[in-house]
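Remarks on the overall topology
So you can see what is in the structure, the chains are spelled out below.
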Amino acid sequence: MKILLYNPDNGVTRNFMPHLWMFLLQSLTPKEHEVVLIDGNAKAMSEAELVEFCRKENVELVGIGAMTRMVARAYKFADALRDAGIKVVMGGPHVTECPDEALGKDGGRRHADAVALGEADETWALLVNDAARGELKEIYQPETDQKGNDKKPSLQPYPHIPWETLDLDQFSLVPSFMRGFMSKLGDGWGKFFVVPIETGRGCPYGCEFCTVTGFFGDSIRFRTNESVVEELLRLKARARKEKGQIAVFFIDDNLAINKKRLKTLLRDIIAAGAQLPWVAQISANLLGDEELVDLIADAGGKWVFIGMESIDPANMADVNKNFSRPGDYQAVLDRLAKRNIYAITSFIFGMDNDTPGVADRTLEQVNSWQPGLPVFGQLTPFPATPLYTRLEKAGRMTRPKHWLEFAPFVMAHTPLKMTIEQARQETLHAWQLSYSPERNAEALAAISDAPIGYRIGHLVARFFFRGIYFPQMNRRAWIKLLMQNRRTIFSLTKEGVSTWRAAKRKSRDRIAEVSAINAEN
Ligand code: B12
Ligand code: SF4
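Cut-offs and rules
- Residues numbered from 1 in each chain as written.
- Chains lettered and ligands numbered in written order.
- Predicted model: local features only at pLDDT ≥ 70, side-chain atom pairs only at ≥ 80, totals over all residues.
- Heavy atoms only, no water.
- Helix = DSSP H or I, 4+ residues; strand = E, 2+ residues; numbered from the N terminus.
- Rg over C-alpha atoms; globule rule 2.2 N^0.38 Å.
- Buried < 20%, exposed > 50% of the residue type's maximum accessible area, 1.4 Å probe, protein only.
- Near = heavy atom within 4 Å.
- Polar contact = N/O pair within 3.5 Å; in protein donor to acceptor, adjacent residues only side chain to side chain.
- Nonpolar A, V, L, I, M, F, W, Y, C, P; charged D, E, K, R; others polar.
- Axes fitted to C-alpha atoms, helices over the stretch in contact; angles between N-to-C directions.
- Left-handed = near helix turned anticlockwise from the far one by under 90°.
- Contact = heavy atoms within 4.5 Å.
- Pairing = 2+ DSSP bridges.
- 1 Å grid on protein atoms, 1.4 Å probe; cavity = no way out; pocket = protein on both sides within 12 Å on 5 of 7 lines; lining within 4 Å.
- Points joined across faces, edges and corners; volume = space filled by probe spheres on them.

1. Some remarks on the overall build of the chain
When you go through the chain residue by residue, the secondary structure sums to 20 helices and 14 strands. Its C-alpha atoms give the chain a radius of gyration of 24 Å, within 12% of the compact-globule value 24 Å for 521 residues. Over its C-alpha atoms, taken along the principal directions, the chain stretches across nearly 85 × 55 × 50 Å. Counting only residues that meet the buried cut, the chain has 51% of its 521 residues in that class.

2. Describing the site of ligand 1
Near ligand 1 there are 40 residues, and of these Met-17, Thr-68, Asp-121, Thr-211 and Asp-253 occur at the shortest range. Pro-18 has a polar backbone atom sitting 3.3 Å from a nitrogen atom of ligand 1. Looking at the shell around ligand 1, the elements with two or more residues in it are helix H1 (20-27), strand E3 (61-65), strand E4 (87-91), helix H4 (93-97) and helix H8 (212-216). Looking at the shell around ligand 1, the element that brings in the most residues is H1, giving four residues. When grouped by side-chain class, the residues that make up the shell around ligand 1 number 21 nonpolar, 12 polar and seven charged.

3. Thoughts on the packing of helix H10 (residues 259-271) against helix H11 (residues 290-298)
It is at 9 Å that the axes of H10 and H11 come closest, and there the two elements cross at 35°. Our pair here, H10 against H11, has a crossing hand that is left-handed. In this structure, H10 contributes Lys-259, Leu-262, Lys-263, Leu-266, Arg-267 and Ile-270 to the contact, and H11 contributes Glu-291, Leu-292, Leu-295, Ile-296 and Asp-298. Counted by class, the contact of H10 with H11 contains six nonpolar, no polar and five charged residues.

4. Things to note about the sheet that holds strand E5 (residues 114-116)
One open sheet accounts for six strands, arranged E2-E1-E3-E4-E5-E6; its pairing is parallel. Of all the strands in the sheet, the pair left with one neighbour each is strand E2 (34-39) and strand E6 (139-140). Of the pairings in the sheet, the one linking strand E1 (residues 2-7) to E2 comprises six bridges and is parallel in character. Looking at the pairing, Lys-2 lines up with Glu-34 of E2. Against the sheet, H1 makes contact with E1, E2 and E3, and its axis sits at roughly 165° relative to E1, the strand it touches most. The sheet strands contacting helix H3 (residues 71-83) are E1, E3 and E4, and the helix crosses E4 at an angle near 160°.

5. Overview of unusual backbone geometry
Gln-156 connects to Pro-157 through a cis peptide bond whose omega is 0°. Following the sequence through the fold, Pro-157 ends up in the loop between E6 and helix H7 (179-182). A positive phi angle is found at Phe-409, which is not glycine, with a value near 60°. Relative to the elements of secondary structure, Phe-409 occurs in the loop between helix H15 (386-393) and helix H16 (420-434).

6. Here's the deal with the environment of Thr-355
Turning to its location among the elements, Thr-355 is positioned in the loop between strand E13 (342-349) and helix H14 (358-368). Sequence-distant contacts of Thr-355, that is, excluding residues within four places in its chain, are made with Arg-361, Lys-417 and Met-418. A distance of 2.8 Å separates a polar atom in the side chain of Thr-355 from a polar atom in the side chain of Arg-361.

7. Points about helix H13 (residues 329-337)
Residues three or four positions apart in an α-helix share a direction because the helix packs 3.6 residues into each turn. Within H13, burial applies to Tyr-329, Val-332, Leu-333, Arg-335, Leu-336 and Ala-337. On its buried face, H13 is in contact with H11, strand E12 (301-309), helix H12 (313-318) and E13.

8. Points about empty space enclosed by the protein
Over the atoms a probe the size of a water molecule is rolled, and this reveals where empty space is left. Applying the stated rule across the entire model yields three cavities of 30 Å³ or more. Each pocket or cavity is described by its volume, and for the largest cavity that value is around 60 Å³. Along its surface, the largest cavity is lined by Leu-333, Leu-336, Ala-337, Ile-341, Tyr-342, Ala-343, Gln-370, Pro-371, Gly-372, Ile-447 and Tyr-454. Counting only elements with at least two residues in the lining of the largest cavity, the list comes to H13 and E13. When residues in the lining of the largest cavity are grouped by element, the largest group, three residues, is from H13. Its residues placed into classes, the lining of the largest cavity shows nine nonpolar, two polar and no charged. Around the second largest cavity, the lining residues are Gly-200, Arg-201, Gly-202, Ile-220, Phe-222, Asp-252, Asp-253, Asn-254, Leu-255, Ile-257 and Arg-261. For the lining of the second largest cavity, the residue count by class is four nonpolar, three polar and four charged.

The structure is reproduced here in structure tokens:
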């Protein structure tokens, strides 16, 4: 049987990284079946084009995964496929939280023939074999323990994802018109991939807005260090072979949740020479340990994503996240910057104690810290979270099924001290100011004593991160962006060229010196 795993595009931005679930399920598929992957964010397709593709390729089963934000689009694709007589199975966080919606048991249209609830590592092969026999059931769900909770996959052993041979072309971040030129730079930048790797699952913190504790559980499971190191080494070999660049996103929700374990993993990565540039999510409260931060830097860590959420401790308490203290943020960022590690700082507006002006107040703080990459979202009640329950009980939801009428930056409930429109304006304002050419230049000036390579990396990262909010999907958009930032680019290029010339001159002089010494002897 031929299976397509499909991830719908989010309709607003372009993801910078493929989704791990697709590769994971592909490697867990019984060998007699063939699996193809399409990520709508990388390869845009209409519903009709997808149906046509499935017909031409004789695809018999389509697996669609979606977060809440993308689920309305996922349903549209699923409907078109089912109308064409192709079986559809859906999985991922949203359908786990709202299975009746996907199965049409809540009064709406049915979108999926089957749903896979929760972690599907151990149910996928069963589901595929049932589908091949024409005996697909409606619901696939992990076995439960005595307390009725899902039995979670242990991650030991962990499936082998053949990164070294997979066709990753659709996921290269280098726009095709720049590939020829970029491949000649340094060790080669003709292709640049960010690859997702997990080292563990689960988070015990239970922040009010987050689905992770409910979905993956509050006890944490880890892969073995050996299996992570082995995966990194294969990726490193691929980057070398293709003269491209590969960076890794450790997608664990909190990579340092067990500091002792993380230290052993980082030491093993260093010992095996398995370093690749990487980014990971770590909460601020776990970044106070100097030894840990040293190891992060030595093991290739370049960016740390920190869910800072708000600079207001009252907001942090409201969402059950006061383990992360705004007063500590500056020290955390200084500690990282000392090792040339960037921080991606994530903020949420529209919290209950937010008032108009929250964007400017937040940016004033952000701009006084080490420059990083700030991102801004809004408090969103995802189904099955404690936040959803609280707001629903209080009768504060304005769009209880907001995912079916997704609107970027329009909140689904009214915050207590501002309007929904004010929250939208604050969010737009924060994005616009944070990635303007002026702010880019200021951020670069603030790290003018850092090595040139680090500063170039910072500017490039700013260009990509701005793309989360400002659509940047074609050649024109890129050229416009480069023109707007031409002064900063020009001064970095000038400095880069003279640094390179000086290094070349120095190495020539050194060679001449050594030859002279040899001749004298
Ligand atoms: C990496 C990540 C991202 C990446 C993008 C996704 C990517 N390319 O990987 C980035 C950083 C861009 C991102 C962004 C966002 N993310 Co995010 N992200 C994650 C994260 C940390 C890891 C995802 C992952 O790979 N998990 C590991 C895999 C193995 O788990 P999985 O995807 O759930 O898949 C398993 C099962 O669900 C199932 N499954 C999944 N799909 C399918 C499909 C089929 C057919 C089947 C059978 C089974 C199946 O099988 C898998 C194996 O068991 C998760 C949290 C988490 N730990 O999952 C949040 C998470 C998915 N993100 C979340 C959110 C809210 C967002 C944002 C909307 C945040 C925002 N406000 O902007 C944005 C929007 C995304 C966008 N614009 O496209 C929420 C989603 C909640 C929900 N109900 O939808 C999560 C769960 C985090 C949270 N705090 O609650 N995210
Ligand atoms: S620390 Fe992160 S992953 Fe854990 S519950 Fe809070 S927001 Fe979710």
